[in-house]
There are 2 protein chains.
Amino acid sequence: MTGSSPDSSASDGLDPQQLDAYFALMEAVGLLEHQVEQHLRADGGISYVQFQLLARLAGANGQLTMTQLADGVVYSRSGLTYQAGLLEKAGLITRGTSADDERSTVVTITDAGLALFGQVLPGHVQVVRRLLLAPLSADDLRNLGDIMTRVRDHMRNEPPRSAAPRKRRVNPAG
Amino acid sequence: MTGSSPDSSASDGLDPQQLDAYFALMEAVGLLEHQVEQHLRADGGISYVQFQLLARLAGANGQLTMTQLADGVVYSRSGLTYQAGLLEKAGLITRGTSADDERSTVVTITDAGLALFGQVLPGHVQVVRRLLLAPLSADDLRNLGDIMTRVRDHMRNEPPRSAAPRKRRVNPAG
DNA sequence: CTATTTTGCTTCGACTTCGAAGCAAAGTAC
DNA sequence: GTACTTTGCTTCGAAGTCGAAGCAAAATAG
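Residues numbered from 1 in each chain as written. Chains lettered and ligands numbered in written order. Predicted model: local features only at pLDDT ≥ 70, side-chain atom pairs only at ≥ 80, totals over all residues. Heavy atoms only, no water.

Chemist: Hey, could you run me through the relation of the copies chain A and chain B in this one?
Modeler: Note on the chain copies: they are related by a rotation about an axis and a translation along it. Its rotation angle being 180°, the transformation that places chain A on chain B also includes 0.0 Å of axial translation and leaves an RMSD of 0.0 Å. What the rotation and shift describe, once combined, is the action of a two-fold rotation axis. The residues that chain A uses at the interface reappear at the interface of chain B in 100% of cases, marking a shared surface. (Least-squares fit on C-alpha atoms with pLDDT ≥ 70 in both. Contact = heavy atoms within 4.5 Å.)

Below is the structure:
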């Protein structure tokens, strides 16, 4: 199991630089998400997921189908149904059957939804500025955007790792 | 409230470059987490959280208190208790009261825990390589590590935003 | 030494999330 | 047209997650 060569391209481990980047990335984003969540809950009574849904709707002329909403939000379909239910109950969106396709549900943001989004957005931006953008130079920002865009596109274009890879174990902890 | 100047340092919005970086960052990490989760579940029957806990223990001479475990993992205390319970039930860790401080719980990774961690790690590394590292040049990696380390440290050193900022609304959706 | 506060962890209930299963409309094959 | 598959969404049950409340040990105050 323990590799022997110290070079980083071997199949065994990650070199310190790779580890640093990976860990820092995951932890920083985790922290950021947590802070963002706190702000949105305190200032608008909504979760990050709900904010993202409202943002997508606000940016898309106010209307999207569930499937369109699902794309771009990393999220399960059933979770989306659940959140849409909450948002509808809160009067922030409306759901209706599509005319083109009886299966599709068209989600529409309401005036209240737009208002809430508008109310919360400035604070959200401030949080992002304060926590993420503040310590970055112009070069950093350019690099970060470039890098993460590339990574995201790369991941989106990945083949789904084939059907059933294999399952060696069944539930040691869970 | 709506700003007028198109420059990016205004208090109102984020310029396209900032938005790109922010969105790409959040989405890429979300996708990565999801893939990592899939792999760990399929190959070792554990969640990412559980993997992180085992990793921390494995890297810390096998022993840590609950509080030490909590630091570094972005996670609630009660969630940690729950996961520790699962890991203990699965025989991957052991919990005992500290000798120094009767309140503290010392968590120890078992041989089975180490074995499982060792079994899962190579695949985990491959996933990270394939999805995150593959599209990055040496410069990218250096930049990413540098940037995210700075962001993480910045966030860790932030004052906790004072006690109770304010609560404008109470639960529009939720 | 006793009272108070802090610290470390767990328990509890409410909510969120996920994947599997289900259902009906739309598309495809024949 | 009828059978089959695919697509779009929801329902359901099993976990996982969180914050508040609770409890006991330790630190601090007096």
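Further notes follow.
Chemist: Would you take a moment to explain the protein's contact with DNA strand C for this structure?
Modeler: Contacts to DNA strand C come from 22 residues, most closely from A:Tyr75, A:Tyr82, A:Gln83, B:Thr67 and B:Thr81. The sugar and phosphate moieties of DNA strand C supply 72% of its atoms located within 4 Å of the protein. Within the contact set of DNA strand C, a phosphate oxygen lies 2.3 Å away from a side-chain nitrogen or oxygen of A:Tyr82. Between B:Thr81 and DNA strand C, the recorded distance is 2.7 Å, taken from a side-chain N or O atom to a phosphate oxygen. Elements represented by at least two residues in the surface near DNA strand C include exactly α4 (77–89) of chain A together with α1 (16–44), α3 (66–70) and α4 (77–89) of chain B. For the surface near DNA strand C, the leading source of residues is α4(A), giving 4 residues. Residue classes in the surface near DNA strand C are distributed as 5 nonpolar, 11 polar and 6 charged. (Near = heavy atom within 4 Å. Polar contact = N/O pair within 3.5 Å; in protein donor to acceptor, adjacent residues only side chain to side chain. Helix = DSSP H or I, 4+ residues; strand = E, 2+ residues; numbered from the N terminus. Nonpolar A, V, L, I, M, F, W, Y, C, P; charged D, E, K, R; others polar.)

Treat this as a map of the structure, not an account of what it does.
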